[in-house]
Amino acid sequence: MSIETLQLSAFPRFFEEVHQVRPFPWQLRLAERVFHDGWPRALDVPTGAGKTSAIDVAVFHLACQMDPASPANRRAACRILFVVDRRIVVDDVTRHAEQIAAAVEERRGPLTRLVAERLQALAESERRPLEVVRLRGGAPKEPDWVRTPTQPIVVVSTVDQVGSRLLFRGYGVSPSMRPVHAGLLGSDSLLLLDEAHLSQPFVTTAQAISDHQRASASNALPAAPLQAVTLSATQLEPSPELLTAADREHPILGPRLSATKVTRLDLLSCKSDSSEHIDGIVERTCVLAAGEGTYEPRAMAIILNRVQRARRVFEGLQKMITGADIVLLIGRSRPLARNRALADVLPRIKAKRDRTVGGVSLERPVIVVATQCVEVGADLDFDALVTEIAPLDSLRQRFGRLDRMGKCSAAARTLIIAAADQVGARSKPDPVYGTAIAATWNWLVDHASKRKAGKTKVLEIDFGVEASTAWLPTEPATLSSLVAPRADAPMMHPAFVDGWSRTSPSPTNEADVALFLHGPESTGEVQIIWRDDLERPARASWTEKVAVCPPSTWEAVPVPVWEARRWLQGLEGDPQLDDLEVSPAPEVERSGRRGYQVLRWKGTAQESKLIYATDVRPGDVLVAPAGDGGCDMWGWNPASREVVEDLGYEANREHRRVEVLRLSPRLLERDVLRDTPVDEQAQLKARAAARRLKDCLPGLLDATEAEVMVRLRELPDLPPKWRRLLDSDTARLLRAEETTSDGRAPSLESGLPLAVVLRVERLINDATTEDDEGSRRSFRAIRLSDHSQGVSSLARSFAEKCGLPPSLIDDVALAAFLHDAGKAHPAFKMWLYGGDELAATGPALAKSGRRYLPQRARRLAGLPQGARHEVASLAFAEAHPKLQESNDPALVLWLVGTHHGWGRPFFPGVDWPNGGDVFSADIGDGVVKATARPLSELTARWLALRDDVVHRYGPWGLARLEAILRLADHRRSQLEQEPEAVTGNGGRSVQGKKDSLEQDS
């Protein structure tokens, strides 16, 4: 089959090569709909019917539309965003997407080979035509999740992560990189929003973004708007009818649709959260777990509406049941801890597991006590279910985890339990679900079958997909009263968009993006991380200790801002709201308490600082001492005062593929105890080892790397992990930052400006060039002329693949050529030469080739702290003759000035270069003499220019163009530091080296 013959009719064979099964009939109809009419705004597909196959359709559609000879004709998005507001589901969807990527990468058959050939025309690497990334947030210096602006990629994440990035306020993203994330996610992207009923405000916002982009499209920059599609089993939006008789008769899908899920309605005459309520749930669970006759459920779920309720039921079941594995599953948990806790359990509750004799069904039964985190998308399959009464849409999701594959040997055992104060005539609206709980209960009672069991009247109703069609409401008004309240986002006024697009610095009076992601009564989130080597009271040295072992999303737990503030203030949370993925904010705390200090981590020690509870803001990454408590093995537990396990070592190993051994006496003591049975002798031994390390540390601060390693190896009683890393030939010493946030030199207070680092596997250096770090910290000196030409060539290639008009391609390439010209300014040039005036007579450099440039070098060069080379680049660009030949000089200047994220709309208030300064530079096309403008004049002209380009290209369109140039700069900078780097146009091209540029994930 040739590349020209890839078409819709080949989709079933492509799907079969990837998943070893043919698509369901409805999945074929979806592909036909997309190919002929584009994506619908909504899809209504039952739980368990395979909604994630929308990713397969999107990937295949992109491959079919990709014509390398005519990239401008492509309309299918190269970025597929699968978003769901339940974090546990993200892992399952990621696995599905990775299965597609692996099949394409391996070219498993003729169709996957053909799809790979099409996609690799857009991809960075021929080896990875399709990338998959899971955005978790919480790490400002996260590795590049997309390395080129046209890389075909599936991004799986949550509303907070994708939504905040779309609105230029990416949670966990450094301010300088926010425009890149907004430009990429906000254009040439397809947003598949799963279970959209949970995220109605974000649906409204995403559609408003798309409308805004279409309105700002022009001939200069054709629209590549965000396309938003909502997926839900309880869809209120009009959607095409996809399920037909062919699906109901399908040998695999049919049993899932026809499975019987008869449940009993059980009303307890007590108040919710009372001991009687909890005991009643535990008692009924025990009866159900015991089974009837020869039937005994092997996988059972108990789903509650509140975390505290779930914890109490979990504790009760642990006392009552001994013959089963009982686990607690809540949404607010640390990925590493959750994966560890569920490692042995997940294979026994996953869908498609072996239920036959000899399979996992003969292992110990599993009982999962959970909150709403399992409602949506999680590929779990239970034999029995006990659920608290909830709105109709929530119940349908919960029953979607019951007999998911339609293979139970007996009818699944189920029970819906309600307390009198939840559904009675005098019941008050639920703080989360409003009146929907009581309305749903009454609807179920009215439509349930009734039978006698002795003197008891038993109410039963069938929640099977097919059976439920007989009693589900058909009137939209009735359905709306039974589902969870769906808040809407405020109108996205152009002034709000203009404020968000200003990222350096952000306006102080901007609209809160959380309102547009979760509605007006919601709040944003923070990520909390615990470290064992931090001790109270808070000290500025915390920044040094955290810097050598950067926080990772794998060790972070997401917490609403309001709850994090209350925890730090020592106040109790609200048990009615403590389990929501994003909780409605209670009345703002007015006690005036500043509370405990924590470290707000911003990616480096210089940017990070200690803050009080009242300073906590959405998107913050907070690092607290492990001794503060607040988390247990199952997740967020603000009432806990137990020491939280420090997962920094494990998180960096799993997330960044690097082992970071912090030279902390406290951590050494912990590791000694971890490797031996804990008794009095072991504790004495651990304390002695910690004391010896503490005594040794003062002599290591100024020692060479070799001397440090020798002295550390001489210490007795080191645990195996420490000994292994210290004995490794590839381990290296990592020192703390040269200065802290308050300008101090690092100290050795209780010992940790040092760590030993060992790469688990070879990785490419992350050359993000977010600031001048890429210039001053590098392994190889690079001439400015070589770098300028290389970035220009790569930016042109990226722009062409994006399908931009030829005139715009030329402007982007010119801006890329001029972007670093300011590094030829005498002061900046001398700084890159280490302050050596004689050496600085050599050619201008783009990269210094030095691991460190001391502060003394900056002083000798006369380069003020905070000076930006982009400002000097603007003076050079204005003087360059090619600027006047460009199609849009204003755009060229904008791209030059913003290529590190500054100038949107302000540069740092440092008057450098001084007004009237004259300097000359040759970046490969002859000497050009430039004259710098005074800061006041530059600022006035720059603000006028900013208004002009934003008006003509739109906020997201402009950010997309910035991303093209900046990613070209990143990739070229990265390539130049490779062992066999290109140093000029005569060497190998970037494309020739692209297979070695792997994603650091």
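Further up the page is the structure itself.
For the rest of this paragraph, the subject is unusual backbone geometry. Glycine aside, the phi torsion of most residues is negative, and most peptide linkages are trans. Omega for the peptide link from Ser504 to Pro505 comes to -10°, which places this bond in the cis form. Here the bond from Arg904 into Pro905 is cis, since omega is 10°, no more than 30 degrees from zero. Here Pro905 shows up in the loop between helix 34 (889-897) and strand 27 (918-922). The phi dihedral of Asp273 falls on the positive side, at around 75°, and the residue is not glycine. In this structure, Asp273 sits in the loop between strand 7 (262-268) and helix 11 (275-290). Taking the relative accessible area as the measure of exposure, Asp273 reaches 27% and is therefore partly exposed. Despite not being glycine, Asp403 has its phi angle at roughly 45°, a positive value. As for its position among the elements, Asp403 is in the loop between helix 14 (392-399) and strand 12 (413-419). Take Asp403: its relative accessible area is 5%, and that puts it in the buried class.

Ordered by their spatial adjacency, eight strands build an open sheet running 9-10-8-11-12-7-14-13, and the pairing between neighbours is mixed. In this open sheet, the two edge strands, each paired with only one partner strand, are strand 9 (325-329) and strand 13 (449-453). Here the strands of the sheet are splayed against their neighbours by 25° on average, with no regard to which way each runs. Relative to strand 12, strand 11 (residues 384-388) runs parallel, the two being bridged by five bridges. For Val386, the partnering residue across the bridge sits in strand 12 and is Leu415. Contacts from helix 11 reach strand 7, strand 8 (299-303), strand 10 (366-370), strand 11 and strand 12 within the one sheet, and its direction differs from that of strand 12 by about 170°. Along the sheet, helix 16 (residues 436-447) contacts strand 7, strand 12, strand 13 and strand 14 (456-462); its crossing angle with strand 7, the most-contacted strand, is approximately 120°.

Moving on: the sheet that holds strand 5 (residues 189-194). Working definition: the strands of a sheet are paired by backbone hydrogen bonds and lie parallel or antiparallel to each other. The parallel open sheet is built from six strands, whose spatial order is 1-6-5-2-4-3. Of all strands in the sheet, those bounded by a partner on one side alone are strand 1 (42-44) and strand 3 (131-134). Each strand of the sheet is rotated relative to its neighbour by a mean of 15°, with strand direction disregarded. Along the sheet, helix 3 (residues 53-65) makes contact with strand 2 (79-83), strand 4 (153-157), strand 5 and strand 6 (227-232), crossing strand 2 at roughly 170°.

Here we take up the side chain of His250. Among the structural elements, His250 can be located in the loop between helix 9 (245-248) and helix 10 (253-258). When sequence neighbours within four positions are dropped, the list of residues in contact with His250 reads Phe24, Pro25 and Pro255.

Basis of the calculations
- Residues numbered from 1 in each chain as written.
- Predicted model: local features only at pLDDT ≥ 70, side-chain atom pairs only at ≥ 80, totals over all residues.
- Heavy atoms only, no water.
- Helix = DSSP H or I, 4+ residues; strand = E, 2+ residues; numbered from the N terminus.
- Buried < 20%, exposed > 50% of the residue type's maximum accessible area, 1.4 Å probe, protein only.
- Pairing = 2+ DSSP bridges.
- Axes fitted to C-alpha atoms, helices over the stretch in contact; angles between N-to-C directions.
- Contact = heavy atoms within 4.5 Å.

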